[in-house]
Amino acid sequence: MNSMIDFNIPPYTGTEDRYIQEALKNRKLCGDGPFTKRCSRWMEEALSVRHAFLTTSCTHALEMAAVLTGIGEGDEVIMPSYTFVSTANAFVQRGARIVFTDIRPDTMNLDERLLEDAITPRTRVIVPVHYAGVACDMDAILSLARRHGLQVVEDAAQGLTAHYKGRALGTIGDYGCLSFHETKNLTMGEGSALLFQQEEALERAEIVREKGTDRSKFFRGQIDKYTWVDYGSSYLPSELNAAYLWGQFMECAKIQQDRKATWDHYHQAFEALERSGCITRPVIPAYADHNAHMYYIKVADLATRTRFLSYLKDQGVMAVFHYVPLHSSAAGQRFGRFFGEDRYTTRESERLVRLPLYYGIGQENREKVVEAVYSFFT
Ligand SMILES: *Cc1c(COP(=O)(O)O)cnc(C)c1O
């Protein structure tokens, strides 16, 4: 048996070492040093967003966003059940109740047509999750939110450089949260960014990120000492992590091009398999410009998937399933409820298989993956 094709290998371009050395020489390792600032400016420019704050994880960026929305005890947040636990935890931490809605089977994103009926007088926030870096229908979500006076927090953890009608994911709602975890397109090990356009949110965001103090103002020389002014925590990543990320930003186009090539290879290769009825391929709506974060296929059902995953493993291919719907978990039942009927969330999540996709996977591995998938069905 030949060696295993990993599901993911964290991206490394070779330029990161130099920047980490530079960070070491700067003798500035805590947060908000030169690399953190460079990374923020890069995102503000590349994504056309007024404010981009580097933070320690997307989990933390979501927590910051939850604080900034002002959500509290007994308020409700609408989100898909098919998402990562952090999407919900951030709001649960503020005492909010989670209202889970069903997804669209084509994109695995929350179904915007179900949102209006899920709104109650307690609803404060909607959280679209751009699954696989494929945009949710943001016009529909935003117009509904405006009509009902709700805020929108985008979980764009998987969405860096992906777009909705030309606008970068994470920059469209009131707040957006990216992730630079090592499983995402670009990484700093652990880390993320909080994005927002509103000028009014700036001061509070700085305070929440700096342990509840006005230290950011102090460093800019706007005040002569800093004090505890509000609730906050510590959400600043180290300069070493920011230096690694800077190397990734500098090679962003190259990394993206390689991921796209893999995605396109799979997508084209599996067209015939879809036509024969064995699998379903992902759908990219016309409004979405995706970032090749993930390539998944869907098989007939859970039993088939279990056999399929173990078969692929025997063939040397590490494929994996994804989220167990939150509403069916113990915590999900305690902290939230499912609104309406679970038509697609459970069924579609049980069919989904993610295939190996990482920077530098190489043509040979792409072909091996395709061959292994085909051999299961024929
Ligand atoms: C990865 C991910 C997160 C969490 O990101 P971390 O940076 O690991 O905290 C949150 N939501 C979604 C949809 C994710 O994919």
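Residues numbered from 1 in each chain as written. Predicted model: local features only at pLDDT ≥ 70, side-chain atom pairs only at ≥ 80, totals over all residues. Heavy atoms only, no water.

Quick word on the pairing of strand β5 (residues 151–155)
Within β5, four of the five residues are buried, which leaves the element mostly enclosed by the surrounding structure. For the crossover from strand β4 (residues 123–126) across helix α6 (residues 138–148) to β5, the handedness is right-handed. Bridge count for β5 against strand β8 (residues 175–179) is three bridges, and the pairing is parallel. Bridge pairing in β8 links aspartate 155 to cysteine 177. (Buried < 20%, exposed > 50% of the residue type's maximum accessible area, 1.4 Å probe, protein only. Helix = DSSP H or I, 4+ residues; strand = E, 2+ residues; numbered from the N terminus. Right-handed = clockwise from strand over helix to strand, strands pointing away. Pairing = 2+ DSSP bridges.)

A short note on the site of the ligand
Around the ligand lies a shell of 13 residues, among which Cys58, Thr59, Asp155, Ser179 and Lys184 are the nearest. A distance of 2.5 Å separates an oxygen atom of the ligand from a polar atom in the side chain of threonine 59. Between glutamine 158 and the ligand, the recorded distance is 2.8 Å, taken from a side-chain N or O atom to an oxygen atom. Protein burial of the ligand: of its 390 Å² of free accessible surface, 92% is covered by the chains. Across the shell around the ligand, the residue classes break down as five nonpolar, six polar and two charged. (Near = heavy atom within 4 Å. Polar contact = N/O pair within 3.5 Å; in protein donor to acceptor, adjacent residues only side chain to side chain. Areas by Shrake-Rupley, 256 points an atom, 1.4 Å probe, with all protein chains shown as cover. Nonpolar A, V, L, I, M, F, W, Y, C, P; charged D, E, K, R; others polar.)

Details of the nonpolar core
Counting residues in hydrophobic clusters, the biggest one holds 60 residues, and the most contacted among them are Met43, Tyr131, Leu178, Phe180 and Phe249. Among the elements of the structure, α1 (16–26), α2 (34–46), β1 (51–55), α5 (115–118), α6, β9 (192–196), α9 (239–250) and α10 (252–269) are those that each provide at least two residues to this core. Those residues in contact with phenylalanine 249 that sit more than four places away from it in its chain are Cys39, Trp42, Met43, Leu160, Phe180 and Leu186. Among the nonpolar cores identified, the runner-up in size contains 34 residues, and Ala61, Leu62, Ala66 and Phe91 belong to it. (Core = buried A, V, L, I, M, F, W, Y, C linked by side-chain atoms within 4.5 Å. Contact = heavy atoms within 4.5 Å.)

Section: the sheet that holds strand β7 (residues 167–168)
Strand order in the open sheet formed by three strands is β7-β6-β10, and the pairing between neighbours is antiparallel. Each edge of the open sheet is held by one strand with a lone partner, namely β7 and β10 (288–289). Alignment of strand β6 (residues 163–164) against β10, held across two bridges, turns out to be antiparallel. Each residue of the ladder has a partner; that of histidine 163, found in β10, is aspartate 289.

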